[in-house]
Amino acid sequence: MRRLPIYVLIDCSESMIGAGMTGVQTGIETMVRTLQRNPHALETAYLSFITFDSRAELKTPLQPLDEVQVPKLRVRPGTAFGSALLLLAERILQEVRRNQPGSKGDFRPIIVLITDGQPSDDWRPPLKELHNTASIGNFYAIGAGDDIDFAGLKEVTDIVLNLHQTDEQGWAKLFVWISDTLSTASMGVADGDEKEVMLAKLPLSIEKVDDTHWGSDHRNDGPPRQLFLYGLCGVKRLPYLMRYGFDPHHGIYHPTAAHKLDQENADFGERGGRLPPVDSRVVNGCPDCPHCGSPGAGSCGNCGTVFCGGARQDDGKSVCPGCNAQLTINRGDNGGFKIRASEG
Ligand SMILES: [Zn+2]
Ligand SMILES: [Zn+2]
């Protein structure tokens, strides 16, 4: 029995928090259920999920479709795309059966990559390694949002797609498209075909990227287009993530959103402590705390924790939720304190 291996690589960097993460979580659940209703897919398709943030993680090893458990996704700092490619090469080498004298191996694997940011590691040597390991003709790279290095993705594969509608609906349409394409692919291989997989018809919210159009205006240089700061609510002591967008005309970052982090992500603070420092003067203000609604935030001179204005007491002092020190808030607007930021 020849199998059709499908590897799904998911970027779980913090830029995915919010609609991206919810959209992908719901999307992969729907995709698996849809494929499980397709007899051709049930017969041939095997699925694996790999996620990447500051490192790559094998969430689901290659499994028959009817046994697949959909992983629970979590956001973390970093976009270690290179590590994900290396892990993929390793898994393909281990899991995909090669042609043997007298028996045919598995079909060429299908790889679906979903990312919304710029890689934070060196991914070109791992890509070479992947190409040395396996024939990866059917590699679909899907970039979501405005921060994608499309020229880089074009180096990975010819089939690069731009999801420019990144709300709940846009993500839902993307996964309908992926499910359709995978269904078609599994029907093709059931017929004994080994052709290139036919892509399902793209909805308007997804555009195929061709290099001439994207190569020049999406270069991966200059300051990162997004910045993320970790905060602790001074009232509820829960972590949150502040999202900033770069304003190229003034060279500073403006707050665009704040996202609650749940207890599962409580080690964000610790990870945040290892992030490179950023000068608060390039950061223009703070979003309101998503836990208690307080405006503003300051950083603790003792432990470096950034925390919301809700920690302030009547005497003007605050207790740092990170280290419990009593302190006068070192406010962002008088400039110059070092905080730690991640680039998603
Ligand atoms: Zn708060
Ligand atoms: Zn502190």
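All of these numbers come straight from a predicted model, not from anything done at the bench. (Residues numbered from 1 in each chain as written. Chains lettered and ligands numbered in written order. Predicted model: local features only at pLDDT ≥ 70, side-chain atom pairs only at ≥ 80, totals over all residues. Heavy atoms only, no water.)

### Side note on the overall build of the protein chain
Logical step 1: Each helix and strand counted, the protein chain has eight helices and 17 strands in total.
Logical step 2: Burial statistics for the protein chain: of 344 residues in total, 52% are counted as buried.
Logical step 3: Across the protein chain, every contact between residues at least 6 apart in sequence was considered, and the portion connecting residues at least 24 apart equals 68%.
Logical step 4: Here the protein chain displays about 15,800 Å² of accessible surface, and carbon together with sulfur accounts for 49% of that area. (Helix = DSSP H or I, 4+ residues; strand = E, 2+ residues; numbered from the N terminus. Buried < 20%, exposed > 50% of the residue type's maximum accessible area, 1.4 Å probe, protein only. Contact = heavy atoms within 4.5 Å. Areas by Shrake-Rupley, 256 points an atom, 1.4 Å probe, with all protein chains shown as cover.)

### Looking at the coordination of the zinc ion (ligand 1)
Logical step 1: Around the zinc ion (ligand 1), the protein contributes the donor atoms Cys233 (SG), Cys289 (SG), Cys292 (SG) and Cys308 (SG), at 2.3 to 2.4 Å from the metal centre.
Logical step 2: If you look at the zinc ion (ligand 1), its four donor atoms make angles of 104 to 113 degrees with each other, and the shape they trace is tetrahedral.
Logical step 3: One chain supplies every donor for the zinc ion (ligand 1), spaced along it as C-x55-C-x2-C-x15-C. A residue pair is termed long-range when its members are at least 10 positions apart, and Cys233 in the loop between strand S8 (226-232) and strand S9 (239-247) and Cys292 in the loop between strand S11 (277-279) and strand S12 (297-299) qualify at 59 residues.
Logical step 4: For Cys292, a relative accessible area of 27% puts it in the partly exposed group. (Donors = N, O, S within 2.8 Å, 3.2 Å for Na, K, Ca; no water. Tetrahedral: all angles 85-135°; square planar, octahedral: opposite > 155°, others 65-115°.)

### Observations concerning the coordination of the zinc ion (ligand 2)
Logical step 1: Taken together, Cys300 (SG), Cys303 (SG), Cys320 (SG) and Cys323 (SG) make up the full set of protein donors to the zinc ion (ligand 2), lying 2.3 Å away.
Logical step 2: Taken together, the four donor atoms coordinating the zinc ion (ligand 2) span angles of 104 to 114 degrees at the metal, a pattern that classifies the geometry as tetrahedral.
Logical step 3: Sequence positions of the residues that donate to the zinc ion (ligand 2) give the spacing C-x2-C-x16-C-x2-C. A residue pair is termed long-range when its members are at least 10 positions apart, and Cys300 in the loop between S12 and strand S13 (306-308) and Cys323 in the loop between strand S14 (317-319) and strand S15 (326-328) qualify at 23 residues.
Logical step 4: Residue Cys300 is classed as buried on the basis of its relative accessible area of 3%.

### Considerations on helix H4 (residues 124-133)
Logical step 1: The complete set of buried residues in H4 reads Pro126, Leu127, Leu130 and Thr133. Down the axis, H4 shows its buried residues gathered within 120 degrees of arc, on one side only. Opposite the buried face of H4, by more than 90 degrees, sit the exposed residues Lys128 and Asn132.
Logical step 2: Along its buried surface, H4 packs onto helix H3 (81-95), strand S5 (138-144) and helix H5 (150-156). (Arc of directions from axis to C-beta.)

### Let's talk about the sheet that holds strand S3 (residues 56-64)
Logical step 1: Across the sheet, which stays open at both edges, the seven strands sit in the order S3-S2-S1-S4-S5-S6-S7 with mixed pairing between neighbours. Across the chains shown, the open sheet's two edge strands, defined by having one partner strand only, are S3 and strand S7 (206-208). Strand-to-strand twist across the sheet, computed as the mean angle between neighbouring axes with direction ignored, equals 15 degrees.
Logical step 2: Inspection of the sheet shows strand S4 (residues 110-115) paired to S5 by six bridges, in the parallel sense. The residue of S5 that forms the bridge with Ile110 is Asn138.
Logical step 3: Contacts from helix H1 (residues 19-36) reach strand S1 (4-11), strand S2 (45-52) and S4, with the element oriented near 165 degrees to S2.
Logical step 4: Packed on one face of the sheet, H3 meets S1, S2, S3, S4 and S5 and runs near 30 degrees to S3. (Pairing = 2+ DSSP bridges. Axes fitted to C-alpha atoms, helices over the stretch in contact; angles between N-to-C directions.)

### Topic: the confidence of the model for the protein chain
Logical step 1: Chain-level statistics for the protein chain give a pLDDT mean of 83 and a share of 85% at 70 or above.
Logical step 2: Every residue in residues 215-219 is under pLDDT 50, and counting partners more than four places away or in other chains gives six contacts.
Logical step 3: The low-confidence segment residues 332-338 (pLDDT under 50) makes 17 contacts with residues lying over four places distant or belonging to another chain. (pLDDT = per-residue confidence, 0-100.)

### Quick word on unusual backbone geometry
Logical step 1: Although it is not a glycine, Arg237 sits at a positive phi angle of roughly 60 degrees.
Logical step 2: Following the sequence through the fold, Arg237 ends up in the loop between S8 and S9.
Logical step 3: Backbone geometry at Asn324 places phi at a positive 65 degrees, although glycine is not the residue there.
Logical step 4: Position of Asn324 relative to the elements: it lies in the loop between S14 and S15.

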